[in-house]
Amino acid sequence: MTARIIDGKALSARLRAEFRQRVGRLVDQGVIPGLAVIRVGDDPASRIYVGNKVKACEECGVASFQQALAADASEADVLAGIRQFNTDPAIHGILVQLPLPGHIDVRRVLEAISVNKDVDGFHLYNVGGLVVGNTIFPPCTPYGVQLLLETTGTDVAGKNVVVVGASNIVGKPMALMLLQKEATVTICHAKTQNLAQHTILADILIVAAGKPGLIVPQMVKEGAIVIDVGINRLPDGRIVGDVDFAGVREKASWITPVPGGVGPMTVTMLIENTLRSAERAHHLRKNNDYQDWETPSIKAG
Ligand code: NAD
């Protein structure tokens, strides 16, 4: 069997075309959706990621606001920026580009973002929402994977899903989202013994470990759907995922390429969350329910 390709670039382009129409409808009602991005320091990868997000905003008609702070900016500086964006009605989404320099407490920063503008979905309130199946802003990468899975026409209910990687931004939320869809979910991580024993049972295998070549054909069930979240730069400059694409493609029924699979979807889902937030704010304003919209975030300790 040679797997069919799940084309994240094409799906992303289709979604962005829809977003432009949604933005048009908002603009007609006097609302320009706005995303604020806070970056601390000069990490080259972060600069590229932020650049991609700003470009996607431009492509879809979303206004972007960047706050670039020096690497030695204090936690108080970052929190002040967040507070300003929290109360600015032109801003519907706030994201702080991670990683932050070591002297800044990441949790304190994420918890300062208004839960109503937490378009990355990393605030504890949104994480809790995910746990109980009442999500406001689903984290972008797993959200993108969920839509990619939908394009295969597969109902995940009752399927064996194995997620390799248990990070807070990919593996754990991914597992929770698919559990909510009634899949039987196994989460594997660096301490998992005999990884292949788990992966071989997967009808749907999602890999987000950041280890090139981790998943080889012998670890994959015939006909499985394989989603490769990994992004790794090899010494020769090539970008590859965590899955031996050429080998596994001969066993799987569907597979995502790297690049061109999950990658483009992550930024696209950030725009989706920002639009959802702008639509929600507008709806609440129209119903004079703005109070609710401005509910302050949980106080960070
Ligand atoms: P992370 O380093 O925070 O977490 C990696 C996880 O993989 C951990 O739970 C770890 O225990 C597990 N792991 C590591 N080695 C393993 C092994 N040998 N066997 C089983 N599990 C193992 O990484 P992350 O932020 O979750 O990102 C994971 C990968 O996904 C990276 O390559 C990252 O670049 C990529 N990523 C891609 C996107 C995208 O848009 N496509 C978004 C976020 C992350």
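Our subject is the structure that appears above.
Each chain has its residues counted from 1, running along the sequence as written. Reporting in this predicted model follows two pLDDT cut-offs: at least 70 for local features of residues, and 80 or more for side-chain atom pairs to be given and counted; totals over whole chains, interfaces and linings ignore these cut-offs and use all residues. To obtain the side-chain values, all non-hydrogen atoms of the structure were included, while hydrogens and water were left out.

A.B. asks: Whenever I open this one, the overall build of the protein confuses me. Can you help?
C.D. replies: For helices the rule is a DSSP run of H or I covering at least 4 residues; for strands it is a run of E covering at least 2, with both sets numbered from the N terminus onward. Within the protein, the regular secondary structure consists of 11 helices and 11 strands. What the globule rule says is 2.2 Å times the number of residues to the power 0.38, and the radius of gyration is computed from C-alpha atoms. In terms of C-alpha radius of gyration, the protein reaches 20 Å, essentially the compact-globule figure of 19 Å for 301 residues. Along the longest, intermediate and shortest principal axes, the C-alpha atoms of the protein span 55 × 40 × 35 Å. For the exposure calls, accessible area comes from a 1.4 Å probe over protein chains only, and a residue counts as buried if that area is under 20% of its type's maximum, exposed if over 50%, partly exposed in between. Per-residue burial for the protein yields a buried fraction of 50% across its 301 residues. Here a residue-residue contact requires only that any non-hydrogen atoms of the pair lie within 4.5 Å. A separation of at least 24 residues holds for 72% of the contacts in the protein among residues at least 6 apart in sequence. Roughly 13900 Å² of accessible area belongs to the protein as shown, and the carbon and sulfur atoms make up 54% of that amount. Shrake-Rupley sampling with a 1.4 Å probe provides the accessible areas, and residues are treated as covered by the protein chains on show and by no other component.

A.B. asks: Hey, could you run me through the sheet that holds strand 7 (residues 204–207) in this one?
C.D. replies: Pairing between the strands of a sheet is mediated by backbone hydrogen bonds and can be parallel or antiparallel. Whether two strands pair comes down to DSSP finding at least two bridges between them. Spatially, 6 strands are ordered 1-11-8-7-5-6 in an open sheet, and the strand pairing comes out parallel. Sheet topology places strand 1 (4–5) and strand 6 (184–188) at the edges, where each strand pairs with a single neighbour. In terms of strand pairing, strand 5 (residues 160–164) meets strand 6 through 5 bridges, oriented parallel. Opposite Asn-160, over in strand 6, you have Thr-184 as the bridge partner.

A.B. asks: Just checking my understanding: could you explain the sheet that holds strand 2 (residues 34–40) for this structure?
C.D. replies: Pairing is parallel in the open sheet, where 3 strands are placed in the order 3-2-4. In this open sheet, the two edge strands, each paired with only one partner strand, are strand 3 (63–69) and strand 4 (93–96). Across the sheet, the mean angle separating the axes of adjacent strands is 15° when strand polarity is ignored. Pairing geometry for strand 2 and strand 4, over 4 bridges, is parallel. By the bridge assignment for strand 4, Ala-36 is matched with Ile-94. Convention adopted: a line fitted to C-alpha atoms gives each axis, helices being fitted over their contacting stretch, and angles between N-to-C directions are expressed from 0 to 180 degrees. Contacts from helix 2 (residues 44–60) reach strand 2, strand 3 and strand 4, with the element oriented near 170° to strand 2.

This is a description of form; function is not addressed.
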